[in-house]
Amino acid sequence: MNASDREGPTRTRFGIGPRLYLAFGAMTLLTVVAAGTAVVAFKEVGKTLGDVTERSMPAVTATLRLAVNSANVAATAPGMISADSEDGRNAVKAQMSASLGAIEGEIRKIAETNPDAATELGGLSGKLTEQLTLLENEVVAREAAHRKLAAARKRVLDAHDRFLTAMQPLVDDANWKLIDSGGKTVDEAASTIDRLVDDEVGKLRSALNLSADGQRLMGIMSRAGRIERAAELDAQEQEFANVSARMTETMAKLPDSSEAQALIGYAELLMLYGEGDTSVFNIRRGEIKAKAEGDEAARAKFESMRGGIDDEVLELGLDFDKAVNPIVNQARESLKSGSATLSGDLRARIDTLVTDDVDRLVQMLRVLADGNLTVGQLNAAAAAVNLEAVQSYQDSYESYAATLDQERLLLEAAGVDSDALAPVRELARIGAGEDGVFDNRRTVLKFDAAAQEALAETKRVANAFDQTVDGMVERAQSTAKADSQRAADAIELSVALLGAVAAASILIGIAIGWLIVARNVVRRLVALSDAMHRLADGDHGIEVDARGSDEIARMATFVGVFRDNAIPVVHTVELLDWATGGPKPAALS
């Protein structure tokens with residue numbers, strides 16, 4: 001073997017070492033790629049989840065809270081109108097202020113992520129605040145008008161009490177004069193006058209007393225509609241019952257005529273308004289209870305029922321007043337007819353009785369009736385539901401007041417003290433002017449309408465606010481859903497990429513193990529080790545695979561050199577052994 005053969009194959013630049021380094025480098029690169037993919041994927045997932053938690057979810061939460069607070073404002077706004085006291089309105093105002101403050105706070109939060117939406121909501125919130133302020137102002141103005149109306153109604157009731165107080169002695173005096181004159185006439189006219197006084201005058205007195213008591217019933221019902229305390233209402237109901245009992249006794253004394261029966265029918269109708277569950281007193285009790293409990297619907301129902309009864313009583317009062325006249329005229333005609341049978345002096349006495357005393361009593365009772373009707377118009381106007389009704393009651397009042405004033409003048413001309421008739425004059429003028437019931441009721445109705453209009457506008461703005469908030473909630477939920485989907489997509493992509501990198505790592509690892517380690521390293525080393533082992537055992541016929549240019553190929557070349565160098569040595573040893581008497585070498589046989 002020459003020197004060049006002993007030097008063996010030359011070293012290559014891409015031997016087994018670089019291949020192994022390359023394999024390990026590839027595995028390291030795959031690990032780095034997998035780690036980098038995981039980092040990028042988790043950063044994307046983190047960013048998406050950050051969008052959900054820092055943008056989408058706060059927006060959804062803020063808009064939902066906005067919806068709740070705007071609903072609270074819309075729900076509490078009617079309480080400004082239905083509240084029956086200053087404390088109640090202050091409580092409603094405080095609740096709405098809290099809700100508006102919460103709305104402003106949520107709008108500021110929304111402005112951090114959505115300035116345009118915050119600007120739109122801020123405008124609507126400003127309009128809502130403006131409307132609520134307008135509503136509050138209208139309610140305050142309405143309550144002031146209600147107080148003025150209540151003061152005007154109190155003046156009417158006080159004037160009515162003074163009127164009744166003033167008229168009762170005049171009626172009693174006229175009645176006493178009639179009785180006294182009748183008594184004197186009876187003493188002088190004997191049986192004829194007895195019949196006239198006992199029958200006709202008694203019937204006349206009964207009819208007039210029944211008329212007066214009927215007017216008292218209407219006055220009691222009118223006062224009952226304005227009473228605010230149950231104890232006072234019970235007292236009025238008891239007085240109503242007493243007057244009704246007296247009327248029942250009086251009706252039994254009326255003549256058995258169609259005119260008297262008509263008057264009795266109207267009287268019985270008046271008495272029915274104080275009986276049963278639908279009496280004016282029970283209706284007023286229900287109204288007071290509903291107002292105390294804040295049940296606006298029930299209060300309005302009872303108020304409507306009471307208003308209907310007021311209208312019915314007014315009409316019934318007119319019919320009742322008209323029904324008295326036929327009986328009075330009948331009694332007067334009977335008295336005149338009876339007086340025709342008397343002597344001249346006695347006839348003159350009866351004429352005086354009829355024309356002076358009876359007429360005076362009738363005139364007093366008419367003043368009492370017209371005064372009660374006048375007050376009835378004022379009380380009905382104080383509860384009128386619209387301007388047309390107020391005007392209708394005012395027209396009726398002015399007619400009754402003019403009649404009342406004329407009757408007062410007639411009484412003064414007849415010699416009645418004008419100071420005693422001052423309450424009549426007051427009652428005929430109390431409804432006029434800015435402080436009267438009619439103008440104050442118109443003012444209340446005007447502010448009622450303005451408050452209702454302000455409430456309707458407040459609801460409209462609140463609805464617009466709710467619609468805007470609902471749109472924002474829908475958009476925020478859509479954005480949150482999109483962000484969540486993007487996060488899910490990022491996670492799914494990351495899983496796919498990591499799976500692909502893992503699969504590639506496994507395949508490349510298997511390829512490296514099979515192609516580089518198993519085939520190019522392990523198998524060739526095992527074959528080389530086996531050849532060296534056989535060579536050491538003296539087997540010089542081995543075949544050594546020295547193909548290739550890497551380190552294992554060089555080692556195989558060197559093993560071949562060892563094998564080739566060992567053969568001559570073995571032959572020499574065999575020859576020496578043969579020369580000393582040993583066996584003949586196989587090569588020489």
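Since we're looking at a predicted model, the values are computed, not measured.

K.L.:
Hey, could you go over the overall build of the protein chain for me, with residue numbers and the actual values?
P.N.:
Of regular secondary structure, the protein chain possesses 14 helices and zero strands. Starting at the N terminus and ending at the C terminus, the protein chain contains elements arranged as α-α-α-α-α-α-α-α-α-α-α-α-α-α. Scored against the burial criterion, the 589 residues of the protein chain give a buried share of 41%. Pairs at least 24 apart in sequence give 78% of the contacts found in the protein chain among residues at least 6 apart. By element, 57% of the accessible surface of the protein chain is carried by carbon and sulfur atoms, the whole surface being about 30500 Å².

K.L.:
I'd love a proper account of a negative patch on the surface, names of residues and values included.
P.N.:
On the surface, Asp311, Glu312, Glu315 and Asp319 cluster together into a negatively charged patch. The residue glutamate 315 is located in helix 9 (residues 296-339) in this model.

K.L.:
So, the packing of helix 11 (residues 387-413) against helix 12 (residues 422-429): which residues are in play, and what are the values?
P.N.:
Two numbers describe how helix 11 lies on helix 12: the axes approach to 8 Å, and their chain directions differ by 160°. In terms of orientation, helix 11 and helix 12 fall into the roughly antiparallel class. Between helix 11 and helix 12 the crossing geometry is left-handed. Across the interface between the two elements, Tyr397, Ala401, Leu404, Asp405, Arg408 and Glu412 from helix 11 touch Val424, Arg425, Leu427, Ala428 and Arg429 from helix 12. Among the residues making up the contact of helix 11 with helix 12, the classes are represented as six nonpolar, no polar and five charged.

K.L.:
Break down the confidence of the model for the protein chain for me, citing the residues and quoting the values.
P.N.:
Put simply, the protein chain has an average pLDDT of 78, and 82% of its residues get 70 or more. Within the protein chain, the lowest mean pLDDT, 43, falls on helix 1 (residues 3-7), and the highest, 90, falls on helix 6 (residues 230-251). Overall, residues 1-11 carries pLDDT values under 50, and its contacts beyond four positions in sequence, including any with other chains, amount to 15 contacts.

K.L.:
Explain the pattern of salt bridges residue by residue, including any values.
P.N.:
A full pass over the atoms with the stated rule returns 22 salt bridges. With its nearest N and O atoms 2.7 Å apart, the salt bridge here joins glutamate 143 to arginine 142. Across this residue pair, the class does not change: glutamate 143 and arginine 142 are buried. Where glutamate 287 meets arginine 284, a salt bridge forms, and the shortest distance between an N and an O atom there is 3.0 Å. Remark: arginine 284 and glutamate 287 occur in helix 8 (residues 280-293); sequence separation between them is three residues, near one turn of the helix. Several salt bridges converge on common partners, so that one network encompasses Arg226, Glu228, Arg284, Glu287, Arg306 and Asp310.

K.L.:
Can you lay out the packing of aromatic side chains for me, pointing to particular residues and giving the numbers?
P.N.:
Taken as a whole and assessed by the stated rule, the structure comprises two aromatic pairs. Summarising the aromatic geometry, the rings of tyrosine 397 and phenylalanine 438 are spaced 5.3 Å apart at their centres and angled 50° between planes, so their arrangement reads as tilted. One end of the pair, tyrosine 397, is in helix 11; the other, phenylalanine 438, is in helix 13 (residues 437-536), and 41 residues separate them in sequence. The ring of phenylalanine 447 has lysine 446 sitting right over it, with the charged end atom 4.7 Å from the ring centre.

Reading the values: rules and limits
Residues numbered from 1 in each chain as written. Predicted model: local features only at pLDDT ≥ 70, side-chain atom pairs only at ≥ 80, totals over all residues. Heavy atoms only, no water. Helix = DSSP H or I, 4+ residues; strand = E, 2+ residues; numbered from the N terminus. Buried < 20%, exposed > 50% of the residue type's maximum accessible area, 1.4 Å probe, protein only. Contact = heavy atoms within 4.5 Å. Areas by Shrake-Rupley, 256 points an atom, 1.4 Å probe, with all protein chains shown as cover. Patch = residues over 30% accessible without salt bridge, like charges linked within 9 Å, V, L, I, M, F, W, Y side chains within 5 Å. Salt bridge = Lys/Arg side-chain N within 4 Å of Asp/Glu carboxyl O. Lys, Arg positive; Asp, Glu negative; His and termini not counted. Charge placed at Lys NZ, Arg CZ, Asp CG, Glu CD. Axes fitted to C-alpha atoms, helices over the stretch in contact; angles between N-to-C directions. Parallel < 35°, antiparallel > 145°, perpendicular 65-115°, else oblique. Left-handed = near helix turned anticlockwise from the far one by under 90°. Nonpolar A, V, L, I, M, F, W, Y, C, P; charged D, E, K, R; others polar. pLDDT = per-residue confidence, 0-100. Phe/Tyr/Trp six-rings, centres within 6.5 Å; stacked < 30°, edge-to-face > 60°. Lys NZ or Arg CZ within 6 Å of the ring centre and 35° of its normal.

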